[in-house]
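# Structural overview
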Amino acid sequence: SGLYFKTAWATPRCIPTRAMLLTGKYPFRTRVYENQVYPRNKRHTIKSIGERYPNTLGALMTSNGYRTAMIGKIQTGNIESFGFQSWCLVNHGHIFDMRSSDNNVDGKRVVQKDVHSTDSLFSYLHDFTAKKSDQPWFVYMPLNLPHWVRNPDNPKKWGPPWVPELDDQWQKTGQLVQNDFTACLRYLDYKIGGLLEHLKSTGQLDNTIIMYAGDNGSSQYGKSNPDSEKGPRVPFVIYAPGYLKPIGASDELVDFTDVIPTCVELAGGVLPEDDTFDGHSFASLIMGKPFEGREWISSQWYGCRWLRTKKWLIDGRGNFYFCGDNRNEWEPDAYEDLTKSQDERAIAVRKKLEDILKKNIPLPDFQDPDLAKQWKQQWFNN
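For clarity, every value in this text was computed on a predicted model and none was experimentally measured.

### Details of empty space enclosed by the protein
Following the criterion strictly, the structure yields one cavity of 30 Å³ or more and no others. Its boundaries defined by the atoms lining it, the largest cavity holds a volume of some 40 Å³. As for the largest cavity, its lining consists of V149, N151, N154, K157, W158, G159, P160, P161, Q178 and N179. Partitioned by chemical class, the residues of the lining of the largest cavity number four nonpolar, five polar and one charged.

Set out below in structure tokens:
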């Protein structure tokens, strides 16, 4: 009933992915290559991305006349620096128990002992979107669920958090279950379904565009994985029943730098000319207008650089694959490994992709003294 991108890329780590989405820039520009809010270790000698880049997703949508909110997990610095007018953010430390909610709500701490964290976030979302206003609304909602946690009942082991149990009819049983990843995903589906019903009941569904995506796989599969496209390739679904005619699977290439250009165009705005954005808008695709897609997409994590066209791939290790129409990177030999191929066509295509990387996605500065420690600890030793 909408579309999903068969080839959508984030990065293999959380914070670099969020930095891409919130700035529209690749890691070589933001210098967020790894999971640190401040890229230069604990000295904070470089500011977080919201303080360094004024044209963030929140700031741009606010300046284009939208009532804006961020809901969920920030993980990228100071909320006041990102241009959102309202927020409901989870307060969590080393141990995080989702059975209760503890949120920063517009600058005030709100604790609800018997309200599941995910329920509290969706409650704020429903209230925010139901408010009467002359302005349209925009929400960025990075959820904690289904991220693994160190739960107080099992503090030495990571695992899926406590989550309300649903029966086969998608009704709450009144019980909570722990360490069940499938239950977490089902509950997330349940809450998204509740959002759609809320938008329908308030007469907003046909005037709303929903982008729904993941950021990377778990540590057992995609997270921090340089092989093939296991790390960067993620689900990315668009649902906009009042605008988008059902397309289903789309072969167009997208990555998370495309979110800002797309949202700004949908808002009727233009990107600031005095700033640089790496993404390409796919607003025309949503609105059913002529659309020219991307030739390539990219991802970057530490010293790993990926590049992808519709049929060819260079992964984080520098291996070169012919993918064809397959998108089953988890299956052995699903992609043809041509890294050592002497075929003239394969050599020519690889050189073309390597030239794109060299021109557009430079390597990090490994000689930067403020970054030297992290390279030694996190990259060169692996």
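### Side note on the side chain of D119
Mapped onto the elements of the fold, D119 is located in helix 5 (residues 117-130). On the basis of relative accessible area, D119 is assigned to the buried category, the value being 16%. A polar atom in the side chain of D119 sits 2.5 Å from the side chain of Y187.

### Regarding the sheet that holds strand 4 (residues 101-105)
Across the sheet, five strands lie side by side as 5-4-3-2-6; this open sheet has mixed pairing. Pairing within the sheet leaves two strands with one partner each, and these edge strands are strand 5 (108-112) and strand 6 (137-140). Strand-to-strand twist across the sheet, computed as the mean angle between neighbouring axes with direction ignored, equals 20°. Examined bridge by bridge, strand 3 (residues 86-90) and strand 4 share three bridges and lie antiparallel to one another. When the sheet's bridge partners are listed, C88 is paired in strand 4 with V105.

### A word on the pattern of salt bridges
Applying the stated criterion to the full structure yields 19 salt bridges. Where R294 meets D258, a salt bridge forms, and the shortest distance between an N and an O atom there is 2.6 Å. Remark: D258 occurs in the loop between strand 13 (248-255) and helix 7 (259-266) and R294 occurs in the loop between helix 8 (283-286) and strand 14 (297-301); sequence separation between them is 36 residues. Within the structure, one salt-bridge network assembled from shared partners comprises D97, R99 and D153.

### Topic: the pairing of strand 1 (residues 3-9)
Most of strand 1 is tucked away: five of the seven residues are buried. Across two bridges, the pairing between strand 1 and strand 12 (residues 236-239) is antiparallel. The residue bridging L3 from the neighbouring strand is I238, located in strand 12.

### Quick word on helix 7
For helix 7, the tally of buried residues reaches six of eight residues, placing the bulk of the element in the interior. G268, located one to two residues past helix 7, shows a positive phi value of around 85°.

### Comments concerning the packing of helix 5 against helix 6 (residues 181-201)
With their axes 11 Å apart at the nearest point, helix 5 and helix 6 run at an angle of 15° to one another. Taken as axis vectors, helix 5 and helix 6 run roughly parallel relative to one another. Where helix 5 crosses over helix 6, the two elements pack in a sense that is right-handed. Contacts between helix 5 and helix 6 involve T118, D119, F122, L125, H126, T129 and A130 on the former and, on the latter, Y187, K191, I192, G194, L195 and H198. For the contact of helix 5 with helix 6, the class distribution of residues is six nonpolar, five polar and two charged.

### Thoughts on the sheet that holds strand 17 (residues 320-322)
A sheet is described by the order of its strands in space; here five strands give the open sequence 14-15-16-17-18, paired in antiparallel fashion. The two strands at the open ends of the sheet, each matched to only one other strand, are strand 14 and strand 18 (336-337).

### What about helix 6?
Here helix 6 spans 30 Å end to end across 21 residues, near enough to the 30 Å set by a 1.5 Å rise per residue. Here helix 6 has its buried residues at A183, C184, Y187, L188, K191, L195, H198 and L199. Burial along helix 6 is one-sided: seen end-on, the buried residues are contained in an arc of 160°. Facing away from the buried side of helix 6 by more than 90 degrees, the exposed set consists of T182, E197, K200 and S201. Lining the buried residues of helix 6 we find helix 5, strand 6, strand 9 (163-166), strand 10 (172-177) and strand 11 (210-213). Just downstream of helix 6 lies G203, where phi reads positive at about 70°.

### A short note on the environment of P54
Relative to the assigned elements, P54 resides in the loop between helix 3 (49-52) and helix 4 (57-63). Residues P54 and T23, 31 residues apart in the sequence, show an inter-C-alpha distance of 8.8 Å.

### Some remarks on the environment of N319
In this structure, N319 sits in the loop between strand 16 (312-314) and strand 17. Each residue touching N319, except ones within four places of it in the same chain, is listed here: L313, I314 and T339.

### What to know about the pairing of strand 3
Looking along a regular strand, one sees side chains alternate from face to face of the sheet. Here strand 3 lies mainly inside the structure; five of its five residues are buried. Of the pairings in the sheet, the one linking strand 2 (residues 67-72) to strand 3 comprises four bridges and is parallel in character. Bridge pairing links A69 to S86 in strand 3.

Rules of the game
- Residues numbered from 1 in each chain as written.
- Predicted model: local features only at pLDDT ≥ 70, side-chain atom pairs only at ≥ 80, totals over all residues.
- Heavy atoms only, no water.
- 1 Å grid on protein atoms, 1.4 Å probe; cavity = no way out; pocket = protein on both sides within 12 Å on 5 of 7 lines; lining within 4 Å.
- Points joined across faces, edges and corners; volume = space filled by probe spheres on them.
- Nonpolar A, V, L, I, M, F, W, Y, C, P; charged D, E, K, R; others polar.
- Helix = DSSP H or I, 4+ residues; strand = E, 2+ residues; numbered from the N terminus.
- Buried < 20%, exposed > 50% of the residue type's maximum accessible area, 1.4 Å probe, protein only.
- Polar contact = N/O pair within 3.5 Å; in protein donor to acceptor, adjacent residues only side chain to side chain.
- Pairing = 2+ DSSP bridges.
- Axes fitted to C-alpha atoms, helices over the stretch in contact; angles between N-to-C directions.
- Salt bridge = Lys/Arg side-chain N within 4 Å of Asp/Glu carboxyl O.
- Parallel < 35°, antiparallel > 145°, perpendicular 65-115°, else oblique.
- Left-handed = near helix turned anticlockwise from the far one by under 90°.
- Contact = heavy atoms within 4.5 Å.
- Expected span 1.5 Å × (residues − 1).
- Arc of directions from axis to C-beta.

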